[in-house]
Amino acid sequence: MPWIADYVQEIREIGVENHTIDGIKSDNWAVLNYPENIKREIFTNDEISLSRSNVKVEADIKTKIMKVLMWGFPRPSGHPPRPTFENIVQHLTDLETLFNEKQNQSLNAAQIRDTFSRLGMVNGLGSCGIAINSKLLYFFNLSFEGRKCLILDSQVVKRLNLFDDFAGNKWKANQACYSNYLNQMDALAREYNVSPEQLELFLFNYQA
């Protein structure tokens, strides 16, 4: 199996902030009953693109949560199923409170438990909801005990299981793997002088 060391120069050249998702359609998201002012703010056209940078700089927390969902998923159906997105929309105020408290912070162990507990109160964001949770944690710039939160979804997990650097663990897209994932990504990023975000995006895009 390959090693991260084989791709260090490629990883250093990755422009994370410009990572853009195209083809986000207003009609696909109109099935959700989220506030009209947020719809107007996001969909300046019937079809838009969102970059990581665009999502990160959004100041309004509820709008940012919706942008995270739209950036991360083509439409609010399939996998995760539509009821998960409907539950998130119904709990936008609770999530706004949570991320207003936690954004841009490095959380200690107790604060991490509190964060996951409060996320878990939204049906679909429990222990198996790491694909959505990790995107929210990442875009709201949280760190866990000094280790930057990164996205962990099924695509990243597939690549973790391909590289010798991550051998010895049976990686899954779940909460149980998340802290170990952040530990190893942080260590590798320091070792090879790349950002953890560059490493995460490299893994997401890697083709064997």
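Conventions we followed
Residues numbered from 1 in each chain as written. Predicted model: local features only at pLDDT ≥ 70, side-chain atom pairs only at ≥ 80, totals over all residues. Heavy atoms only, no water. Helix = DSSP H or I, 4+ residues; strand = E, 2+ residues; numbered from the N terminus. Buried < 20%, exposed > 50% of the residue type's maximum accessible area, 1.4 Å probe, protein only. Core = buried A, V, L, I, M, F, W, Y, C linked by side-chain atoms within 4.5 Å. Contact = heavy atoms within 4.5 Å. Salt bridge = Lys/Arg side-chain N within 4 Å of Asp/Glu carboxyl O. Pairing = 2+ DSSP bridges. Polar contact = N/O pair within 3.5 Å; in protein donor to acceptor, adjacent residues only side chain to side chain. Patch = residues over 30% accessible without salt bridge, like charges linked within 9 Å, V, L, I, M, F, W, Y side chains within 5 Å. Areas by Shrake-Rupley, 256 points an atom, 1.4 Å probe, with all protein chains shown as cover. Lys, Arg positive; Asp, Glu negative; His and termini not counted. Charge placed at Lys NZ, Arg CZ, Asp CG, Glu CD. Phe/Tyr/Trp six-rings, centres within 6.5 Å; stacked < 30°, edge-to-face > 60°. Lys NZ or Arg CZ within 6 Å of the ring centre and 35° of its normal.

Asker: So, unusual backbone geometry: which residues are in play, and what are the values?
Answerer: Omega for the bond connecting histidine 79 with proline 80 falls within 30 degrees of zero, at 0°, which places this linkage in the cis form. Along the chain, the position of proline 80 falls in the loop between helix 5 (61-72) and helix 6 (82-90). With a phi close to 65°, asparagine 104 is a non-glycine residue in the positive phi region. Positionally, asparagine 104 belongs in the loop between helix 7 (92-102) and strand 3 (106-107). In this structure asparagine 104 comes out as exposed when scored by relative accessible area, which is 53%. With a phi close to 60°, asparagine 141 is a non-glycine residue in the positive phi region. Mapped onto the fold, asparagine 141 is located in the loop between helix 9 (130-139) and strand 4 (143-144).

Asker: Any chance you could break down the nonpolar core for me, citing the residues and the numbers?
Answerer: Ile4, Trp29, Tyr34, Met66, Phe99, Tyr178 and Tyr181 are the most contacted members of the largest nonpolar core, which totals 69 residues. For this core, the element with the most residues is helix 11 (residues 175-192), which contributes eight residues. Each residue touching phenylalanine 99, except ones within four places of it in the same chain, is listed here: Ile61, Leu119, Leu136, Leu137, Phe140 and Leu142.

Asker: Can you tell me about the pattern of salt bridges, naming the residues and giving the values?
Answerer: Taken as a whole and judged by the stated rule, the model has 13 salt bridges. Across the pair lysine 39 and glutamate 36 runs a salt bridge, and its minimum N-O distance is 3.3 Å. Pair noted here: lysine 39 and glutamate 36 are both in helix 3 (residues 36-42), with a separation of three residues, about one helical turn. Note on glutamate 36: relative accessible area 48%, which makes it partly exposed. A salt bridge links arginine 118 to glutamate 101; the shortest N-O distance between them is 2.9 Å. Of this pair, arginine 118 sits in helix 8 (residues 109-119) while glutamate 101 sits in helix 7; the two residues are 17 residues apart in sequence, bridging distant segments of the chain.

Asker: Run through the side chain of threonine 63, naming residues and quoting values.
Answerer: For threonine 63, the location among the structural elements is in helix 5. Here threonine 63 is in contact with Ile38, Glu41, Ile42 and Glu58, once residues within four sequence places are set aside.

Asker: Mind laying out the sheet that holds strand 3, listing which residues take part and the relevant values?
Answerer: Pairing in this open sheet of three strands is mixed, and the strands run 3-4-5 from one edge to the other. Bordering the open sheet on either side are strand 3 and strand 5 (147-148), each of which pairs with just one other strand. As judged from the two bridges shared by strand 4 and strand 5, these two strands associate in the antiparallel manner. The residue of strand 5 that forms the bridge with serine 143 is lysine 148.

Asker: Lay out the side chain of serine 134 in plain terms, naming residues and giving numbers.
Answerer: Tracing the backbone shows serine 134 in helix 9. Among the polar contacts made by the side chain of serine 134, one reaches the main-chain carbonyl oxygen of isoleucine 130 at a distance of 2.7 Å. Separated by 3.0 Å, the side chain of serine 134 and the backbone nitrogen of leucine 152 make a polar contact. Leaving out residues up to four positions away in the same chain, serine 134 has contacts with Leu150, Ile151, Leu152 and Tyr178.

Asker: Account for a negative patch on the surface, naming residues and giving values.
Answerer: A cluster of like negative charges, contributed by Asp22, Asp27, Asp46 and Glu47, occupies part of the molecular surface. As for its placement among the helices and strands, aspartate 27 is situated in helix 2 (residues 26-29).

Asker: Would you mind going over the packing of aromatic side chains in detail, with residue names and values included?
Answerer: Evaluation of the coordinates by the stated rule reveals 15 aromatic pairs. Relative to phenylalanine 144, the ring of phenylalanine 116 lies with its centre 5.8 Å away and its plane at 85°, an arrangement referred to as edge-to-face. Here phenylalanine 116, found in helix 8, pairs with phenylalanine 144, found in strand 4; they are 28 residues apart in sequence, far enough to count as distant. In this pair, the class of phenylalanine 116 matches that of phenylalanine 144, namely buried. Pairing phenylalanine 202 with tyrosine 206 gives two aromatic rings, centres 5.6 Å apart and planes at 55°, and the pair type is tilted. Both residues of the pair, phenylalanine 202 and tyrosine 206, belong to the buried class. Among the aromatic residues, those joined into a cluster by ring pairs are Tyr7, Phe163, Phe202 and Tyr206. Just above the ring of tyrosine 34 sits the side chain of lysine 39; from NZ or CZ to the centre is 5.1 Å.

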